[in-house]
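Structure at a glance
So the chains spell out like this:
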Amino acid sequence: MADRSTRQEDARAEGRTGIRTLPFPVGLSVLGVGMQVGPMESGGGWHLGEQAGRVHRIDYHLVLFLRGGRVRHMVDFDEHEAGDGEILWIRPGQVHRFSPTTDYRGTALVMQPGFLPRATVEATGLYRYDLPPLLRPDAAQRAALEHALAQLEREYVDTGTLPLSLHTAVLRHTLTAFLLRLAHLAAGAGAARPGTGGGPAEGEQGDGTFVRFREAVEKGFATNHSVSAYADALGYSRRTLVRAVRAATAETPKGFIDKRVVLEAKRLLAHTDLPIGRVGAAVGFPDAANFSKFFTQHTGVTPVAFRAELR
């Protein structure tokens, strides 16, 4: 958990506008393709500049493969410290912040949503927000990941032997190979973590119904909390949606929606100075009293008390 002074600085920096979201830096990618991969060193904060030290979001995937030194990173209320051979995987929309550090190096990989086809997204569990960001491969896993990542780096910078369309296709295939290994490692880490319900369930990686539901919730949770509305919009029966969500998460669709709403509310309460009423409105509760009741039911504390505990 970040210390009090850092949290207050974050809140002052963002003012009353909420948490800043940084877009995928298209201008920094080779030939404008929807991914980047390259060396990462301390002092530069990768390419996020001064924003790296403040609470922010990104709208793309960020994978940091450490090869020396240590880096501390806050992701959704948890502090993680990664060192040589370890990996941090930050997913789109997660609130995070780099902590000051003096000595780390490795490789940074970023992927723009939409760069990979849906089948690959489902197979690799790209949006498994239930899985831990910090991954610790064993020696054999690390060697395989290093080899796959090195191949991806070679293909990324090789812009002269193929036309752009084929270059992009090769990158997608090579990236997929790396991500399948990374997803397998992440699933194993999730299975070992208490309360996660095990590794990737059949519904998570094999059932597109849940993937589409999750994407719809991510886009609409701020205004839509209705299971029936999501089912209708996606063209499923409520029963089909319940089965798919239970298979993937062991919870109901309503529980999944509420969990996402609570997480966003916590993010805004912790990392901005938005008034309680505006936090409620931002997650779909125009009435502040209804928001307070909802938040208290799901967390056991009022929004005011939750914010006070962090500050």
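To be clear, the structure that these remarks concern was listed above.
Below: a short report on this structure.

1. Description of the side chain of E155
- Checked against the element boundaries, E155 lands in helix α3 (residues 139-157).
- In this structure E155 is buried but unpaired, with R154 as the nearest side chain of opposite charge at 6.8 Å.
- Setting aside residues up to four positions removed in sequence, E155 forms contacts with H167, V170, L171 and T174.

2. A short note on the pairing of strand β5 (residues 71-75)
- When you tally the buried positions in β5, you get four out of five residues, the bulk of the element.
- Inspection of the sheet shows β5 paired to strand β6 (residues 78-82) by five bridges, in the antiparallel sense. Within the sheet, the bridge partner assigned to M74 lies in β6 and is E79.
- Strand direction decides the pairing type here: β5 and strand β8 (residues 96-98), joined by three bridges, are antiparallel. Looking across to β8, one finds that H73 is bridged to F98.

3. Focus on the sheet that holds β5
- Pairing in this open sheet of three strands is antiparallel, and the strands run β6-β5-β8 from one edge to the other. Each having just a single partner strand, β6 and β8 make up the two edges of the open sheet. In this sheet, neighbouring strand axes are inclined to one another by 20° on average, regardless of whether the strands run parallel or antiparallel.

4. With respect to the packing of aromatic side chains
- Taken as a whole and assessed by the stated rule, the structure comprises ten aromatic pairs.
- Ring centres of F77 and F306 lie 6.2 Å apart, and the angle between their planes is 80°; on these two criteria the pair is classed as edge-to-face. Residue F77 is found in the loop between β5 and β6, and its partner F306 is found in helix α12 (residues 303-310); the two are separated by 229 residues along the sequence.
- For F77, a relative accessible area of 14% translates into the label buried.
- Centroid distance F213 to F256: 5.5 Å. Interplanar angle 50°. Geometry classified as tilted. Linking F213 in helix α6 (residues 208-220) with F256 in helix α9 (residues 253-271), this pair joins segments that are 43 residues apart in sequence. Taken as a pair, F213 and F256 share a single burial class, namely buried.
- A connected cluster of aromatic rings, assembled from ring pairs, spans F77, F285, F291, F294, F295 and F306.
- R67 extends its terminal NZ or CZ atom over the ring of F65, reaching a point 5.0 Å from the ring centre.

The rules behind each value
- Residues numbered from 1 in each chain as written.
- Predicted model: local features only at pLDDT ≥ 70, side-chain atom pairs only at ≥ 80, totals over all residues.
- Heavy atoms only, no water.
- Helix = DSSP H or I, 4+ residues; strand = E, 2+ residues; numbered from the N terminus.
- Buried < 20%, exposed > 50% of the residue type's maximum accessible area, 1.4 Å probe, protein only.
- Lys, Arg positive; Asp, Glu negative; His and termini not counted.
- Salt bridge = Lys/Arg side-chain N within 4 Å of Asp/Glu carboxyl O.
- Contact = heavy atoms within 4.5 Å.
- Pairing = 2+ DSSP bridges.
- Axes fitted to C-alpha atoms, helices over the stretch in contact; angles between N-to-C directions.
- Phe/Tyr/Trp six-rings, centres within 6.5 Å; stacked < 30°, edge-to-face > 60°.
- Lys NZ or Arg CZ within 6 Å of the ring centre and 35° of its normal.

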